[in-house]
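# Secondary and tertiary structure notes
Residues per chain are reported as follows:
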Amino acid sequence: MKVGILALQGDFLEHSELLRELGVETVYVKKQDDLRDVDAIIIPGGESTTIGNLIEVRGLGEPIRELARSGTPIMGTCAGAILLARKVVDRVVGETGQYTLGLMDMGVVRNAFGRQKNSFIARVNVEGIGEVSGVFIRAPAIVEAWGATRLIGYLDHPTLGRIGVAARQDNMLSLAFHPEISGDRKVYEYFLGMIKR
Ligand code: GLN
């Protein structure tokens, strides 16, 4: 089993380290050729505009979409979740018009919890995974889901109330937080379970 981790910008290293601890082979995906033979893909956190631009420049969008359509499991964390969404707005600037893969039927709000200084760690209950420790760094919220996407995890936020932070659509999983920073193995075990053996 080999997991491809999109390594254009962001914290791809942490995902890779965690998977290797679990005995899983990983490959950094920087160009089309790196996607050959991958059984699953992770799109890490970072800056979604930058990662999106680089996906476009390197011609990785269509190959990733094709793998997604053919059932390859994909997990997007934080910026990665933004890149999987069909609809993106920013809490402050509104429409971002940014590039996304547009694979999941969901709308996200970028920087929904505020700026860098509003980062926090919280326990989140995710259906099918259980309680996980989530690191939220200028995280998005998943505010709507339609069609094939289902919200599977919520955060009870002191000011925003109950808000979506995890979603699943067939072979795809979006998390608004960083499991690779908290090192929560349960998330990876669940994701690896999505790979048909
Ligand atoms: N705020 C970033 C964005 O909108 C995401 C931050 C992150 O991945 N930690 O792209």
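Residues numbered from 1 in each chain as written. Predicted model: local features only at pLDDT ≥ 70, side-chain atom pairs only at ≥ 80, totals over all residues. Heavy atoms only, no water.

## A look at the overall build of the protein chain
Short version of the rule: Helix and strand assignments come from DSSP, with helices taken as H or I runs of at least 4 residues and strands as E runs of at least 2, each series counted from the N terminus. Only C-alpha atoms enter the radius of gyration; for comparison, a globular chain is expected to reach 2.2 Å times N to the power 0.38, where N is the number of residues. Relative accessibility decides the category of a residue: with a 1.4 Å probe and only protein chains considered, values under 20% of the type maximum give buried, values over 50% give exposed, and everything between is partly exposed. Contact definition: two residues touch when any of their heavy atoms are within 4.5 Å. What sets the accessible areas is the Shrake-Rupley method with a 1.4 Å probe; for residues, cover comes only from the shown protein chains.
Broken down by element type, the protein chain carries six helices and 13 strands. In terms of overall size, the protein chain behaves like a compact globule, its C-alpha atoms giving a radius of gyration of 15 Å where 197 residues would be expected to give roughly 16 Å. In the protein chain, buried positions account for 57% of the 197 residues. Across the protein chain, contacts joining residues at least 24 apart in sequence account for 63% of those joining residues at least 6 apart. Carbon and sulfur atoms make up 48% of the accessible area of the protein chain, which amounts to about 8,600 Å² in all.

## Structural notes on the packing of aromatic side chains
Aromatic ring pairs are reported here in terms of the distance separating the ring centres and the angle at which the planes meet. For clarity, the threshold we go by: Only Phe, Tyr and Trp rings are paired, with Trp represented by its six-membered ring, and only when their centres lie within 6.5 Å; those with planes under 30 degrees apart are stacked, over 60 edge-to-face, the remainder tilted. For a Lys NZ or an Arg CZ to count as sitting over a ring, it must be within 6 Å of the ring centre and within 35 degrees of the ring normal.
Following the criterion strictly, the structure yields five aromatic pairs and no others. Where Phe113 meets Phe120, the ring centres are 5.5 Å apart and the plane angle is 80°; that geometry is what we call edge-to-face. Ring pairs connect the aromatic residues Phe113, Phe120, Phe136 and Phe177, which therefore count as one cluster. A cation sits over an aromatic face here: Arg162 above Tyr154, 4.2 Å from the ring centre.

## Describing helix H1 (residues 12–21)
Cut-off, in case you're wondering: It is the directions from the helix axis to the C-beta atoms that the arc portrays.
Looking only at H1, the buried set comprises Phe12, His15, Ser16, Leu18 and Leu19. The arc that holds the buried residues of H1, viewed along the axis, is 165°, so those residues lie on one side. Looking at the packing, one finds that the buried side of H1 touches strand S1 (2–6), strand S2 (25–29), strand S3 (40–43), strand S4 (74–77), helix H5 (179–182) and helix H6 (185–193). Where H1 terminates, the next one or two residues include Gly23, which has phi positive at roughly 80°.

## Quick word on the pattern of salt bridges
Let me state the cut-off plainly: Every case where a carboxyl oxygen of Asp or Glu lies within 4 Å of a side-chain nitrogen of Lys or Arg is listed as a salt bridge.
This structure, assessed with the given rule, holds 11 salt bridges. In this structure, Asp33 and Arg36 form a salt bridge, with 2.8 Å as the shortest nitrogen-oxygen distance. Three or more residues joined by partner-sharing salt bridges are found here, namely Glu47, Arg110 and Arg138.

## Considerations on the side chain of Asp90
Stated formally: All tallies of charge rest on Lys and Arg as positive and Asp and Glu as negative; His and the ends of each chain are not included. For the purposes of these results, a polar contact is taken to be a pair of N or O atoms within 3.5 Å, where, inside protein, one atom must be able to donate a hydrogen and its partner to accept one; residues adjacent in sequence count only when each atom of the pair is a side-chain atom.
Summarising the element assignment, Asp90 is placed in strand S5 (residues 85–90). Of the side chains with opposite charge, Arg110 lies nearest to the buried Asp90, which makes no salt bridge, at 4.5 Å. There is a polar contact of 2.8 Å between the side chain of Asp90 and the backbone nitrogen of Val92. At 2.8 Å, the side chain of Asp90 and the side chain of Asn111 are in polar contact.

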